[in-house]
Each structure stands twice: as structure tokens, then as C-alpha cells.
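Coordinate analysis (summary)
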Amino acid sequence: VFYQKGLIYKNKNDKFKAQEMFRKAIYANPDFAPAYFESALLAMNDDEYYYEAISNFEYCMNNDYQSHVAAKHLVKIHRKELDRAEEQQYNTEETLKYYYDRLHNAAEKALEKEEELNNEEKTFIYYQRAICLMMEDKHKEAQRDFEKVVSFDSKNHKALYELSWLENEFGNFKKSLEYAQKAYGIEKDPEYLAEIAFAKKNLADYKGAIEDYNTLF
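Presented here is a report on the structure given in the accompanying data block. A quick note: this is a predicted structure, and the numbers were derived from the prediction, not measured.

Rules behind the numbers
- Once a new chain begins, its residue numbering starts again from 1 and follows that chain's sequence as written.
- With pLDDT at 70 or above as the cut-off, local features in this predicted model cover only qualifying residues; side-chain atom pairs require 80 or more to be listed or tallied, and sums for whole chains, interfaces and linings still use all residues.
- To obtain the side-chain values, all non-hydrogen atoms of the structure were used and water was disregarded.
- Elements are defined by DSSP. Helices are runs of H or I of four residues or more, strands are runs of E of two residues or more, and each kind is numbered from the N terminus.
- Residue types Ala, Val, Leu, Ile, Met, Phe, Trp, Tyr and Cys, when buried and joined through side-chain atoms within 4.5 Å, form a set referred to as a nonpolar core.
- Partly exposed residues are those whose accessible area sits between 20% and 50% of the maximum for their type, while under 20% is buried and over 50% is exposed, using a 1.4 Å probe and protein chains only.
- Only heavy atoms matter for contacts: two residues are in contact if any of them lie within 4.5 Å across the pair.
- Between the first and last residue of a helix there are one fewer steps than residues, each counted as 1.5 Å, and that sum is the expected span.
- Polar contact is defined as a pair of N or O atoms within 3.5 Å, subject to the rule that within protein one atom must be able to donate a hydrogen and the other to accept it, and that residues adjacent in sequence are counted only when both atoms are side-chain atoms.
- Positive residues here are Lys and Arg, negative ones are Asp and Glu, while His and the chain termini are left out of the count.
- The rule for a salt bridge is simple: a side-chain nitrogen of Lys or Arg has to be within 4 Å of a carboxyl oxygen of Asp or Glu.
- Grid points spaced at 1 Å over the protein atoms alone were grouped into cavities, where a 1.4 Å probe fits but cannot get out, and pockets, open sets with protein on both sides within 12 Å along at least five of seven lines, with lining residues defined by an atom within 4 Å of a point.
- Grid points are joined across faces, edges and corners, and a volume is the space filled by probe spheres set on the points.
- Just so you know the grouping, Ala, Val, Leu, Ile, Met, Phe, Trp, Tyr, Cys and Pro go in nonpolar, Asp, Glu, Lys and Arg go in charged, and all remaining residues, Gly too, go in polar.

So, on to the environment of Met61. In this fold, Met61 is placed in helix H4 (residues 50-62). Along the chain, Met61 and Gly6 lie 55 residues apart, while their C-alpha atoms are 21 Å from each other.

Laid out in C-alpha cells, this is it:
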């Protein structure tokens, strides 16, 4: 009854009453996943109930109710969490690992039903998983995900830069240069130019590398 009332209030755009009904539905039946899901959808953009949204989406994800949709939203939420954590002055490796693990887990779950995601969502989620894999030093797996990102969005300069960095790590300097030049052609980021110069140096194009370094400094 509470859940149905919640849906009615939601359709009337009365979010406060709808949320009240969904919470009552959860209290009345703690195993009723649809109420968790609807409550989380209402709470996810409200800073006051931010953590309630996380908890409710995680319940759905872990209980196979709209799990990939819940996971998709959790990827965005955990990315915001991670950004906030990285801005803090006092961070520990363990703290950041906790947030990266949550982000990675949500991305994995969201991609289980990749066919139900649009290209923009795939781009975002594959990129987040790739970053997590980089943090775990799983460079080959990260490379595959960054390549997926570029396949959905050929102008994603951040993914192109990461691919350039990885190719440098793998010793594929010509490929690294290609990726870095593509990234810099899209976004004039000094880091991208530095990667171009580094690749040129490794290809024994010292004159080109010096010119690029001079541009930087």
C-alpha cells in the first residue's frame, strides 16, 4: 500500500510525500526491493540524503533488482565520492582504495548488461573502470577499456592521453605519439604535449622533442 501511494505521489511530482511513502514501505517490508530502488532515485540528487541513496542502490544491486540500473547510478555517485575524497588534504592510500573499489564494483555490475546502456553511459562507465584498473596496475585490462571508450567517443581526449601513456609504458613509442597527437589536437593540454615530447625523445626525434619541451617551458 505504501509503495503504491509513493508511486502516485511521484507521478504528481510530490517528491517529499513520495519519499515518505517509500520509506514506510521499506520499514513495513525490509525485503521489498522496489521501494529501495524508488527511494534511491529520489534521494540520489539530494545532498541531505546522499548516503541513503547509496545504501538503497547497493541493496538493489546486491539483491538483483534492477541491479545494472542501480549500478549505473552508483558509478556516478561513487565517482563524485572519489572526487571529494581526493580533494581532502589528508588522505590515506587505504581510504582512496576503499572508494576506488566501490567505483570498480559498481562499474563491473553496470557493464554486465552493456547492451542496455547508451553510448554516453558506456563511455563514462568504461572510462571509470579503466581508471580503477590503472590504480590496480592492470595496464593491459585498462588499455582494453580505454580503447572501448575511444570506440564510443573518438574525441575523448582523456582516454586518448591514457592510451598514449600506456603505449609509452609498453615501449610502443610510435603508437604513443599517435594517441598523444590526437589528444592534443582535441584539447591543448600541456600534459598531452609533454607526452608527445616524451614519445619523440624515445623515437630519437630529439629536435622535435626539444621544440615541444620549449613550448611547454
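The discussion continues.
The biggest cluster of nonpolar side chains holds 57 residues, and the ones touching the most others in it are Phe57, Val75, Ile125 and Phe146. Residues within four places of Phe57 in sequence aside, it is in contact with Phe37, Ala40, Leu41, Met44, Ala70, His73, Leu74 and Ile77. Ranked by size, the runner-up nonpolar core spans five residues in total, among them Leu177, Leu193, Ile196 and Ala199.

Our focus in this paragraph is the side chain of His73. By the secondary structure assignment, His73 is in helix H5 (residues 67-87). Relative accessible area serves as the criterion here: at 15%, His73 is assigned to the buried category.

The next point concerns helix H11 (residues 190-202). Under the 1.5 Å per step criterion, the end-to-end length of H11 is 18 Å for 13 residues, consistent within 8% with the ideal 18 Å. Buried residues of H11: Tyr192, Leu193, Glu195, Ile196, Ala197, Ala199 and Lys200, and no others. Buried residues in H11 make contact with helix H9 (157-170), helix H10 (173-186) and helix H12 (206-216). Capping the start of H11 is the job of one residue whose side-chain oxygen sits 2.8 Å from the backbone nitrogen of Glu191: Asp189.

Below, the discussion takes up the side chain of Glu195. Its place among the elements puts Glu195 in helix H11. Within the buried core, Glu195 has no salt-bridge partner, and the shortest N-O distance to an opposite charge, that of Lys201, equals 11 Å. Reaching out from Glu195, the side chain makes a polar contact with the side chain of Asn168 at a distance of 2.7 Å. The contacts of Glu195, once residues within four sequence positions are left out, are Tyr161, Ser164, Trp165, Asn168, Ser176 and Ala180.

On to the layout of surface pockets, then. Approximately 160 Å³ is the volume attributed to the largest pocket. If you go around the largest pocket, the residues you meet are Lys15, Phe16, Gln19, Glu20, Arg23, Leu42, Ala43, Asp46 and Tyr49. Elements supplying a minimum of two residues to the lining of the largest pocket: helix H2 (15-28) and helix H3 (33-43). A total of five residues in the lining of the largest pocket trace back to one element, the largest contributor, which is H2. Looking at side-chain class alone, the lining of the largest pocket contains four nonpolar, one polar and four charged residues.

Notably, Asp64 is not glycine yet its phi reads approximately 55 degrees, a positive angle. If you trace the backbone, Asp64 turns up in the loop between H4 and H5. Backbone geometry at Ala204 places phi at a positive 65 degrees, although glycine is not the residue there. The topology assignment puts Ala204 in the loop between H11 and H12. A relative accessible area of 46% places Ala204 in the partly exposed class.

These values are about where atoms sit, not about what they do.
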